[in-house]
Amino acid sequence: SQTIHQWPATLVQPVGSPLSLECTVEGTSNPNLYWYRQAAGRGLQLLFYSVGIGQISSEVPQNLSASRPQDRQFILSSKKLLLSDSGFYLCACDQGNEKLFFGSGTQLSVL
Amino acid sequence: AQTVTQSQPEMSVQEAETVTLSCTYDTSENNYYLFWYKQPPSRQMILVIRQEAYKQQNATENRFSVNFQKAAKSFSLKISDSQLGDTAMYFCAFQGGNNAGNMLTFGGGTRLMVKP
């Protein structure tokens, strides 16, 4: 089964600084990849998904971008963080079989 | 667009008792999937149970079962013989059958506390 690596686990960044969160997947090839954000005490909101290298779809307009430079690598970025970017970010993957697997998440605090 | 509603922000149950978490959803699709995910304090999202809309039989996974009422667009989760380790946030999620990719729409969650 696939394993999802996400890092860092926690991150504190000042407003206006750049962001790069990385997610890598092991044990599968050509997965669908997703970035979700969870605000405190809330459900998950889909930010981006990718069905292949270089293919990124954005679900909500925002200050963030995503890239997929390799088949099993998914990166979430920002050029200038906003306070509203704070939250818990989860990477997820699947192989088209309706079973979504999640990484352990990154808690981002923008101060 | 699909919406998922969990009307119980918090619930509690005594250890060994049974608890039911509610979930309703709205969709115009006929073929879709429904899920319950558990998020313990570690914040890892764990799939609890999955239901295909075209199946009338309610899904069951050990102590976890669902009551799927397609006409009412209701998908409740029943936890039997509750254990302390069941303490977590529980999220109901919807996935349309025609999605490019398996995008899930999540409810706002229910915080369940199992008391000893």
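Q: Any chance you could break down the overall build of chain A for me, citing the residues and the numbers?
A: When you go through chain A residue by residue, the secondary structure sums to 0 helices and 11 strands. Relative to the globule expectation of 13 Å for 111 residues, the C-alpha radius of gyration of chain A, 13 Å, shows essentially globular dimensions. When the backbone C-alpha atoms are referred to their principal axes, chain A occupies close to 40 × 25 × 20 Å. With 111 residues in all, chain A has 50% of them scored as buried. For chain A, the exposed area adds up to about 5,100 Å²; of that, 51% sits on carbon and sulfur atoms. Each charge class in chain A can be summarised by its mean position, and for the 7 positive and 7 negative side chains these summaries are 7 Å apart.

Q: Explain the state of the cysteines to me, using residue names and the numbers behind them.
A: In protein chemistry, a disulfide is the covalent bond that joins the sulfur atoms of two cysteines. Per the counting criterion, the structure on display carries 2 disulfides over all chains. Between the sulfur atoms of Cys23 of chain A and its disulfide mate Cys91 of chain A the distance is 2.0 Å. Since a negative S-S torsion denotes a left-handed disulfide, the Cys23 of chain A-Cys91 of chain A link at about -70 degrees is left-handed. Here the residue Cys23 of chain A occupies a position in strand E3 (residues 19–26), and Cys91 of chain A occupies one in strand E9 (residues 87–94), the gap between them amounting to 68 residues. The same class applies to Cys23 of chain A and to Cys91 of chain A, which are both buried. Shown here is the disulfide that connects Cys23 of chain B with Cys92 of chain B, its sulfur atoms set 2.0 Å apart. Disulfide Cys23 of chain B-Cys92 of chain B: torsion about the S-S bond near -70 degrees, hence left-handed. With Cys23 of chain B in the loop between strand E3 (19–21) and strand E4 (24–26) and Cys92 of chain B in strand E10 (residues 88–96), this pair connects stretches of sequence that are 69 residues apart. Each member of the pair, Cys23 of chain B as well as Cys92 of chain B, carries the same accessibility label: buried. With no disulfide of its own, Cys93 of chain A has Cys91 of chain A as its nearest cysteine by sulfur position, at a separation of 7.1 Å.

Conventions adopted
Residues numbered from 1 in each chain as written. Chains lettered and ligands numbered in written order. Predicted model: local features only at pLDDT ≥ 70, side-chain atom pairs only at ≥ 80, totals over all residues. Heavy atoms only, no water. Helix = DSSP H or I, 4+ residues; strand = E, 2+ residues; numbered from the N terminus. Rg over C-alpha atoms; globule rule 2.2 N^0.38 Å. Buried < 20%, exposed > 50% of the residue type's maximum accessible area, 1.4 Å probe, protein only. Areas by Shrake-Rupley, 256 points an atom, 1.4 Å probe, with all protein chains shown as cover. Lys, Arg positive; Asp, Glu negative; His and termini not counted. Charge placed at Lys NZ, Arg CZ, Asp CG, Glu CD. Disulfide = S-S within 2.5 Å.

Function-wise, these values are silent; they only describe arrangement.
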